[in-house]
Amino acid sequence: MTNEYTYLAALRWGEDQLKETTADPAAAQYLLLGSHQWSFTQLVQHYREMMPNAEWATYQAQIARIVAGEPAQYILGQAPFYGQSFRVTPATLIPRQETEELVAWILDDVVAVSQRVLDVGTGSGAIAVTLKAQRPEWTVTATDISAEAVAVARENATAQHAEVTFAVGDLFTPVADQQFDVIVSNPPYIDRSETSVMDDSVKRFEPDQALFAADHGLAFYRRFAAELSQRLTPTGQFFAEIGYQQGAAVRAIFETALPTATVTIRQDINGQDRMVRVQL
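Residue indices follow the written sequence of each chain, beginning from 1 at its first position. Residue-level local features of this predicted model are given only where pLDDT is at least 70; pairs of side-chain atoms are given and counted only at 80 or more, and the full residue set underlies all totals for whole chains, interfaces and linings. Side-chain figures throughout are based on the complete set of non-hydrogen atoms in the structure, without hydrogens or water.

**Student:** What is the right way to look at the sheet that holds strand β3 (residues 116–120) in this model?
**Tutor:** The strands making up a sheet associate through backbone hydrogen bonding, with each pair oriented either parallel or antiparallel. One requirement defines pairing of two strands: DSSP has to find at least two bridges between them. Numbered from the N terminus, helices here are DSSP runs of H or I no shorter than four residues, and strands are runs of E no shorter than two. Sheet architecture is open: seven strands sit in the order β5-β4-β3-β6-β7-β9-β8, paired in mixed fashion. Strands at the two margins of the open sheet, each flanked by one partner only, are β5 (164–168) and β8 (262–267). Here the strands of the sheet are splayed against their neighbours by 15 degrees on average, with no regard to which way each runs. Pairing analysis gives five bridges linking strand β6 (residues 180–185) to strand β7 (residues 232–241), with the strands arranged parallel. Looking at the pairing, Ile-183 lines up with Phe-238 of β7. A fitted line through C-alpha atoms represents every axis, and for helices the fit uses only the stretch in contact; the resulting angles, taken between N-to-C directions, go from 0 to 180 degrees.

**Student:** Please clarify how the pairing of strand β9 (residues 273–279) should be interpreted in this entry.
**Tutor:** Each regular strand displays side chains that alternate between the two surfaces of the sheet. Taken across its seven residues, β9 has five buried, putting it largely inside the fold. Bridging between β7 and β9 involves five bridges; their strand directions are antiparallel. Paired with Phe-239 across the strands is Arg-277, a residue of β9. Where β8 and β9 come together, six bridges link them in antiparallel fashion. Paired with Gln-267 across the bridge in β9 is Asp-273. With antiparallel pairing between neighbouring strands as the criterion, β8 and β9 make up a hairpin whose turn holds five residues, including Gly-271 at a positive phi of roughly 80 degrees. Only protein chains enter the accessibility calculation, which uses a 1.4 Å probe; a residue is then buried when its area is under 20% of its type maximum, exposed when over 50%, and partly exposed in between.

**Student:** I would appreciate a short explanation of the pairing of strand β4 (residues 139–144) in the present structure.
**Tutor:** Extensive coverage of β4 is indicated by the burial of five of its six residues. The pairing of β3 with β4 spans five bridges and is parallel. Looking at the pairing, Asp-119 lines up with Ala-142 of β4. Handedness of the β3-helix α7 (residues 126–134)-β4 crossover: right-handed. Note: β4 against β5, five bridges, orientation parallel. Looking across to β5, one finds that Asp-144 is bridged to Val-168. By the criterion used throughout, a crossover qualifies as right-handed when its path from the first strand across the helix to the second strand runs clockwise, the strands pointing away from the viewer. Crossover connection from β4 via helix α8 (residues 147–159) to parallel β5: handedness right-handed.

So, in structure tokens, the structure goes:
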């Protein structure tokens, strides 16, 4: 049967399907843009064209997956971050705006030309690859406990021609004999008790080990605090993303473990505590 939908009609159909659910209707447009690598302007230019039969069938199936709760980024296998497209899979978190703000803080704050940088828990490689792409003169290493995530991160580094060294292992284990000028991490920081208020698609599809941490979500900050003095150079800095309710607790952890360090909690664009910097 021949498809009789233009791209505009298909888009409106997709939006209508999603309006009947808890999904964001904007995902209907996101799928079309991502499938073609189109800008919104380019999509508008194709509005009146007929969508090919095979693409219409694929689009219907994608919308059904959105209705079932699957994130559009996993359906397309890609997500935007800092102006670039990153491959993502269920082995990696979907990069988010808060992490872009963390990267921007590092790029604004660290002005030295020569820096040895470590990204712990790299996931898709979004932080490490972006830092290397923005500061080619920096030496960037990235680690993750998940071999599957590291494989995805390597693909992203190759696609963006970013020379990043990757290693598989827990926290500092793969780089135990090295020191760094900058260490950055977006670690697991969600307490299991918060699952009731989390988005269902996050709970169902994103990797548990990248989301949840023990000790009310603070376990990884305690581990970092215990080792930073050995892992950072004498004037090194540590940056990390934190939960929006964790500012005071994270500050206390680092100030207790590193009493001579300067600990700064930074808010995101929404005015919530979302980042920490520790300066030795």
